[in-house]
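Take a look at the letters that make up each chain.
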Amino acid sequence: MEDSFVAERVGCLNNCDLNRGKLDFAALAQRNNALIGEVNGSRLYFAPVGNFPESPKVIVCGKTAGKDTKDDLWNLIRNGVSPGSAARQTVYSNMRGNLFRALEHIGLFDYLAENTPYWRGGEPRDLWENIFTDDKASRICGIQLTQACNCSIVRLSKGRENSKQPNRTTMNKLCKSAPDCLFRSFILTPSLRLIIFLDTPAEDNQFHPSKFLERSSFLRRHDLSHVHIISITHPSGQNNDIYINLERLEELADEEPDLRKRSRYRNAACLFAVARKTVEEMARD
């Protein structure tokens, strides 16, 4: 296993109790799918999408890879693309534009330009796009792009696979079966300053990674006292209205007659305000 990206991430695959067939990465690459098991009526497909930078200052963490992302990852690998390159190419494949707008909005690229030479080398948008296509850029960019879970968790509904995010019940059962599953991909070094979760935490039955981190075995094993932890509204297409109006979310909330939409805009505005303040505090440190 020469690919350093895969070498760092197969531990969960090799040790996972939900991997009933004890399939290794090479075996999955030869199959028609990457199915390793099931939990709470959902299928688990190994899909370690993301990059593997040197000493990242920031981790951007999604929930789990969607079905299309998982399919794209394994199609690339089976067509001869190295696993590390395939994982880098496919992470956040449908939401990179929105995510760039979010990180720019909270001042992250300005912060990185003061602390990471890579971000002084051109326009932020071009440098951002290079992370997904260029190995060197991905290694020196200072941002790790990853998911809370190294598997794509795909729900079965009426005999068909549904890519909607797993709910809290499913994730609780996953953690009970594999307590060390979540956040295994995180690269923790003394240089890490910030973790950004792509999610709007709430008291509901959805999977909110920041809440799972608070009570995870991962947090008990690692000291994150030097790391700021924030969340921003998920940059998926269903939130495009938020991402094209980042500068006027409070105004939209004031104008919106629908109470649910109004609350949604206010929640997003609050998350982004906290995120901007956090990055400003980091810049002053």
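Residues numbered from 1 in each chain as written. Predicted model: local features only at pLDDT ≥ 70, side-chain atom pairs only at ≥ 80, totals over all residues. Heavy atoms only, no water.

Hey, could you run me through the pairing of strand β3 (residues 58–62) in this one?
Within a regular strand, side chains alternate between the sheet's two faces. The element β3 is extensively covered by neighbouring structure, given that 5 of its 5 residues are classed as buried. As paired elements, β3 and strand β7 (residues 194–198) share 4 bridges and run parallel to each other. Following the sheet pairing, C61 is matched in β7 by F197. (Buried < 20%, exposed > 50% of the residue type's maximum accessible area, 1.4 Å probe, protein only. Helix = DSSP H or I, 4+ residues; strand = E, 2+ residues; numbered from the N terminus. Pairing = 2+ DSSP bridges.)

Hey, could you run me through the side chain of S152 in this one?
The topology assignment puts S152 in strand β5 (residues 151–157). Overall, S152 belongs to the buried group, its relative accessible area being 0%. Side-chain polar atoms of S152 contact the backbone oxygen of A65, separated by 2.7 Å. In this view, S152 contacts R43, L44, Y45, A47, A65, G66, K67 and K70; residues no more than four positions away in its chain are not counted. (Polar contact = N/O pair within 3.5 Å; in protein donor to acceptor, adjacent residues only side chain to side chain. Contact = heavy atoms within 4.5 Å.)

Whenever I open this one, the packing of aromatic side chains confuses me. Can you help?
Any aromatic ring pair is given by two values, namely how distant the centres are and how the planes are angled relative to each other. Summed over all chains, the structure comprises 14 aromatic pairs. Ring centres 6.0 Å apart and planes at 55° place the aromatic pair F183 and F218 in the tilted group. In this pair, F183 is assigned in the loop between α9 (168–177) and β7 and F218 in helix α11 (residues 217–221), connecting sequence segments 35 residues apart. Of the two residues, F183 and F218, neither departs from the other in class, the shared state being buried. With 5.9 Å between their ring centres and 85° between their planes, Y243 and F272 make a pair best called edge-to-face. Of this pair, Y243 sits in helix α12 (residues 240–243) while F272 sits in helix α14 (residues 259–284), and the two are 29 residues apart along the sequence. This pair shows no difference in class: Y243 is buried, exactly as F272 is. One aromatic cluster is present, formed by F100, F109, Y118, W119, W128 and F132 through successive ring pairs. Above the ring of Y45, the side-chain terminus of K70 is found at 3.7 Å from the ring centroid. The positively charged end of R96 is found above the aromatic ring belonging to F132, 3.9 Å away from the centroid. (Phe/Tyr/Trp six-rings, centres within 6.5 Å; stacked < 30°, edge-to-face > 60°. Lys NZ or Arg CZ within 6 Å of the ring centre and 35° of its normal.)

Whenever I open this one, the sheet that holds β7 confuses me. Can you help?
Pairing between the strands of a sheet is mediated by backbone hydrogen bonds and can be parallel or antiparallel. A sheet is described by the order of its strands in space; here 4 strands give the open sequence β4-β3-β7-β8, paired in parallel fashion. Two strands in the sheet have a free side with no partner beyond their single neighbour: β4 (143–147) and β8 (228–232). Taken pair by pair, the neighbouring strands of this sheet meet at an average axis angle of 20°, ignoring direction. In the sheet, β3 pairs with β4 via 5 bridges, with the strands oriented parallel. Following the sheet pairing, I59 is matched in β4 by Q144. Each of β7 and β8 is contacted by α14, which is oriented at about 150° to β8, the strand it contacts most. (Axes fitted to C-alpha atoms, helices over the stretch in contact; angles between N-to-C directions.)

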